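Here is what each chain is made of, one letter per residue.
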Amino acid sequence: MDIEASAKPQDIWQHRHVLDIDDFSRGEIELVMQTANAMSEVLSRPIKKVPALRGKCVFTIFWEVSTRTRGSFELAAKNLSADVVNFTAQASSVSKGESLIDTLNTVEALGADIIVMRHPISGAPYHALPYVKANLVNAGDGWHAHPTQALLDLHTIHRHRASLEGLKVSIIGDIKHSRVARSNVWCLTKMGAHVVLCAPATLLPSGLEGSCDHFPRVEVTTDITEALKDADVVMVLRLQKERMASGILPSLREFIGGYQLNAARLAFAAKDALVMHPGPVNEEIEITRAVAHGPQSVIREQVASGVAVRMALLYLLAGGKEL
Ligand code: CP
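The following refers to the structure shown. Because the structure is predicted, anything quoted here is derived from the model rather than measured.

### A word on the site of the ligand
Piece 1. Every residue close to the ligand is listed here: Ser 66, Thr 67, Arg 68, Thr 69, Arg 118, His 146, Gln 149, Pro 278 and Gly 279.
Piece 2. With respect to the ligand, the backbone of Thr 67 contributes an N or O atom lying 2.8 Å from an oxygen atom.
Piece 3. A distance of 2.6 Å is found between an oxygen atom of the ligand and a side-chain nitrogen or oxygen belonging to Thr 69.
Piece 4. In the complex, 91% of the free accessible area of the ligand, which totals 260 Å², lies under the protein chains.
Piece 5. Its atoms largely coinciding with the cavity grid, the ligand occupies the largest pocket.
Piece 6. Residues of the shell around the ligand, tallied by class, amount to one nonpolar, six polar and two charged.

Spelled out as structure tokens, the structure:
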């Protein structure tokens, strides 16, 4: 890591909100990693609790289903001694027609200091930003961004690799509908990785290969063997059937035949390549059960990293005092 030992977190950390990784500096990403390491130490103690967010109130509001993100944010906030309130849209007044902004203003009136939100519409947290005073954390918006997933993925890779400089990271599967892929491209390229995106042509968004100035340079291919060749990290994405317009894939069987990560294909990657998946996994569709649970898989570690990384982000947003 490049952070100078004398640098104070408040000199590096510039964020009031976490909406995506595109506006994170490399120093901020390194600070999140360093802070997450400190949180991992807290999580290794018999009593996994520190008073850092005592007196603060964290609301999580999910307009879309979640297991990992919602559960780990709740645990993260509780481990930091915050008061935590969890809403799902189905079990709140959203189901009676309350708008996004009214809902956020209501939870602020109830005392929210930090709001963690997931929404099926890309850009929803950006739309909400002018209307909220609380710190806002994007827990996934439509196809757009999932910044905390990218940071926990980076934390997981760092458990096995000291640096990402020059590593080949291949992201394979449903790139088009993946907020995880977009946030990971920002995060991994800022840390020096060579990122390869691989999917059937209909699951690749247009305008990726350096043709737009505002998106980092990545390699794009429909050839899975080329993508896997000597890869240091293989990140497999879920086939997002719920977000697909009909007709985008000829058939599930063809996708499995051409793009499923199985043991034979994994053999093209580096011998010690890490196998990752943000979850939830469709076993035997984008990845075989044997590979998902095999010796190279760090999928469970990704889930565990989620708690430490989300603790780090809540801690930094709250001012980073008294751990
Ligand atoms: N990776 C991820 O966002 O999982 P959940 O949908 O379970 O939160």
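So, next bit.
### Focus: helix α2 (residues 26-43)
Piece 1. Counted at 1.5 Å a residue, the expected span for α2 with its 18 residues is 26 Å, and the 25 Å between its end C-alpha atoms agrees.
Piece 2. Along α2, the residues that are buried comprise Glu 28, Ile 29, Glu 30, Leu 31, Val 32, Met 33, Thr 35, Ala 36, Met 39, Val 42 and Leu 43.
Piece 3. In this structure, the buried residues of α2 make contact with α1 (9-12), α3 (68-79), α6 (147-158), α7 (179-190) and α12 (299-317).

Calculation criteria
Residues numbered from 1 in each chain as written. Predicted model: local features only at pLDDT ≥ 70, side-chain atom pairs only at ≥ 80, totals over all residues. Heavy atoms only, no water. Near = heavy atom within 4 Å. Polar contact = N/O pair within 3.5 Å; in protein donor to acceptor, adjacent residues only side chain to side chain. Areas by Shrake-Rupley, 256 points an atom, 1.4 Å probe, with all protein chains shown as cover. 1 Å grid on protein atoms, 1.4 Å probe; cavity = no way out; pocket = protein on both sides within 12 Å on 5 of 7 lines; lining within 4 Å. Sits in = over half its atoms within 2 Å of the grid points. Nonpolar A, V, L, I, M, F, W, Y, C, P; charged D, E, K, R; others polar. Helix = DSSP H or I, 4+ residues; strand = E, 2+ residues; numbered from the N terminus. Expected span 1.5 Å × (residues − 1). Buried < 20%, exposed > 50% of the residue type's maximum accessible area, 1.4 Å probe, protein only. Contact = heavy atoms within 4.5 Å.

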